[in-house]
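Observations on chain architecture
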Amino acid sequence: MTDLILGQTLSFSADPFVEGPSAAHHRRRGGVVVQDGRIAGLGEAEALRAAHPDARVTDYGDALISAGFVDAHAHYPQTGIIASWGKRLIDWLNSYTFPEEMRFGDPAYAGEIAGRYLDLLLAHGTTSVASYCTIHPGSAEALFQAAEARGMRILAGKTCMDRNAPDGLRDNAQSAYDDSKALLARWHGRGRASYVITPRFAPTSTPEQLSALGALWAEHPDCLMQTHLSEQPDEIAWVKTLFPTAQDYLDVYEAHGLLGPGGVYGHAIHLEPRERARLAETGAALVHCPTSNTFIGSGLFDMAGLVAEGQRVGLATDTGGGSSFSMLRTMAAAYEIGQLRHTPLHAAQLWWLATQGSARALRIDDRVGNLALGMEADLVVIDLASTPAIAQRAARAEEFWEALFPTIMMGDDRAIRATWVGGQRVTGV
Ligand SMILES: [Zn+2]
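Notes on the structure follow. (Residues numbered from 1 in each chain as written. Predicted model: local features only at pLDDT ≥ 70, side-chain atom pairs only at ≥ 80, totals over all residues. Heavy atoms only, no water.)

Before going further, it helps to examine the sheet that holds strand E15 (residues 416–421). Spatially, the seven strands line up as an open sheet ordered E3-E2-E1-E4-E14-E15-E16, and their pairing is mixed. The sheet is open, and its two edges are formed by strand E3 (38–44) and strand E16 (424–428), each paired on a single side. Adjacent strand axes in the sheet meet at a mean angle of 35 degrees when their direction is disregarded. Pairing geometry for strand E1 (residues 2–12) and strand E2 (residues 24–35), over 10 bridges, is antiparallel. Within E2, the position partnered with Leu10 by the bridge is His26. Together, E1, E2, strand E4 (56–67) and strand E14 (379–382) form the strand contacts of helix H16 (residues 400–410), whose direction differs from that of E1 by roughly 100 degrees. (Pairing = 2+ DSSP bridges. Helix = DSSP H or I, 4+ residues; strand = E, 2+ residues; numbered from the N terminus. Axes fitted to C-alpha atoms, helices over the stretch in contact; angles between N-to-C directions. Contact = heavy atoms within 4.5 Å.)

Turning to the layout of surface pockets, a few remarks are in order. In this structure, the largest pocket spans a volume of roughly 230 Å³. Contributing to the lining of the largest pocket are Gln8, His26, Arg28, Asp62, Ala63, Asp383, Leu384, Ala385, Ala394, Phe400, Ala403 and Arg417. Sorting the residues of the lining of the largest pocket by element identifies E2, E4 and H16 as the ones contributing at least two each. Split into classes, the residues belonging to the lining of the largest pocket amount to six nonpolar, two polar and four charged. Its volume calculated, the second largest pocket comes out at about 150 Å³. In terms of lining residues, the second largest pocket is bounded by 15 residues, among which His188, Ser194, Asp222, Ile364 and Arg367 are the most central. Taken together, the elements giving at least two residues each to the lining of the second largest pocket come down to strand E7 (153–157) and strand E9 (193–199). (1 Å grid on protein atoms, 1.4 Å probe; cavity = no way out; pocket = protein on both sides within 12 Å on 5 of 7 lines; lining within 4 Å. Points joined across faces, edges and corners; volume = space filled by probe spheres on them. Nonpolar A, V, L, I, M, F, W, Y, C, P; charged D, E, K, R; others polar.)

Here the focus is the environment of Gly423. Mapped onto the elements of the fold, Gly423 is located in the loop between E15 and E16. Residue classification places Gly423 among the buried positions, given a relative accessible area of 6%. It is 25 Å that separates the C-alpha atoms of Gly423 and Met331, two residues lying 92 residues apart in sequence. (Buried < 20%, exposed > 50% of the residue type's maximum accessible area, 1.4 Å probe, protein only.)

Direction vectors running N to C along helix H5 (residues 137–150) and helix H6 (residues 173–187) enclose 15 degrees, while the axes themselves pass 10 Å from each other. Classified by the angle between their axes, H5 and H6 sit roughly parallel to one another. The handedness of the crossing between H5 and H6 comes out as right-handed. Of H6, the residues touching H5 (which contributes Pro137, Ala140, Glu141, Phe144, Gln145 and Glu148) are Asp179, Leu183, Arg186 and Trp187. Of the residues belonging to the contact of H5 with H6, the class tally is five nonpolar, one polar and four charged. (Parallel < 35°, antiparallel > 145°, perpendicular 65-115°, else oblique. Left-handed = near helix turned anticlockwise from the far one by under 90°.)

Tallied over the full model, the rule gives 28 salt bridges. When the shortest N-O distance is used, the salt bridge between Asp59 and Arg49 registers 3.8 Å. Of this pair, Asp59 sits in strand E4 while Arg49 sits in helix H2 (residues 45–51); the two residues are 10 residues apart in sequence, bridging distant segments of the chain. Where salt bridges share partners, they join Arg29, Glu46, Arg49 and Asp59 into one cluster. (Salt bridge = Lys/Arg side-chain N within 4 Å of Asp/Glu carboxyl O.)

Okay, the coordination of the zinc ion next. Geometry reference: four tetrahedral donors at a metal, ideal angle 109.5 degrees. Six octahedral donors, ideal angles 90 or 180 degrees. Listed as protein donors to the zinc ion are His73 (NE2), His75 (NE2), His228 (NE2) and Asp318 (OD); their distances from the metal cover 2.1 to 2.4 Å. Taken together, the four donor atoms surrounding the zinc ion define angles of 89 to 169 degrees at the centre, an arrangement classified as irregular. (Donors = N, O, S within 2.8 Å, 3.2 Å for Na, K, Ca; no water. Tetrahedral: all angles 85-135°; square planar, octahedral: opposite > 155°, others 65-115°.)

Another aspect to go through is H6. The terminal C-alpha atoms of H6, which comprises 15 residues, lie 21 Å apart, in line with the 21 Å expected from a rise of 1.5 Å per residue. Among the residues making up H6, those that are buried are Ala173, Ala176, Tyr177, Ser180, Leu183, Leu184 and Trp187. Axial view of H6: buried residues confined to an arc of 140 degrees, hence all on one face. The exposed residues of H6 that point more than 90 degrees off its buried face are Gln174 and Ala185. Against H5, strand E8 (159–160), E9 and helix H7 (207–219) lie the buried residues of H6. A distance of 3.0 Å separates the backbone nitrogen of Gln174 from a side-chain oxygen at the start of H6, and that oxygen is part of Asn172. (Expected span 1.5 Å × (residues − 1). Arc of directions from axis to C-beta. Polar contact = N/O pair within 3.5 Å; in protein donor to acceptor, adjacent residues only side chain to side chain.)

Here it is, written out as structure tokens:
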């Protein structure tokens, strides 16, 4: 079966942080040909119709077809505690996160939340995510199974913590290694799943655990390793007391074998010059989580400066420290933080970050994150007039970016007309 999906289309031929908005390509009346779960053709709608007369046609009219969103950092177990009030990072973890994560020792609860979370993602147009789980191997098992059932490209790992966490929410160096290795063997490369080695962050792992996970990564260098880095000043000071011989926060990871090209570091707000230099040298990825950074009061990510240094940067919700499941809302928050730093981001840069940029951070940009021949057909279809407020603003737009920007700033799941995963429509009409 060949599907022909018609509408406005948006794709990228380069990085708009390097090439500017001309790296993006908009067709007013375009289309995507989908065969066997992959993109088999792109072009003008009428030419594609003529070339594929037997295709099943889905015509979205004025709606915009894009690669599905890629969320480069999230905590699916925090789905049920999103938008909890009034705490900063360490208190947030102790008050809200850890009690909720305790519940994931129950596989039935883990399965319920995993399914609910992925359905929320699809309703928001997000087709791939890199998620933390809890210390329980069953929490990772539940997410991988739920993603497999939905055909989604998923990256996830069991979170490892062996200190500074409550009873019932600690593993140890050996069990973290063993459990991660078993999950990796079972899921890494199975279907669309990738295993990600996942120490939560330096304060909740002993040096022995960090070393054990560094050893596991050395055995499986094709895996990503995800963790948190320099989110809040209190946290950084704590890391200094826990690892007094380290040069800085990043050095803690490097000293234990946890810095490399497949390293994915969430937040990375308060970086020292040495850390920035090492991150750029190694080609590691930094993930900007703007709704989380404002919600938990963490600080203003230096997008312009980091990108100018050549850092690999992705964009993420950080659910549930982040206050939204929506990558539209996340783009809006990234724009607002850019404004507070006097470096506003162009709509093309925001959209790239939410799709190809995040895919590049997760090293899956050869498979998802763009409309291009041979890519997996994970698509989102955006209604550019999804509410009266957005519609009246978009109606007076004189060019495409002006028509798209109100949806970036004011849009949410109501803007998601449909989501396609692996060439199948999974939400919407
Ligand atoms: Zn996080």
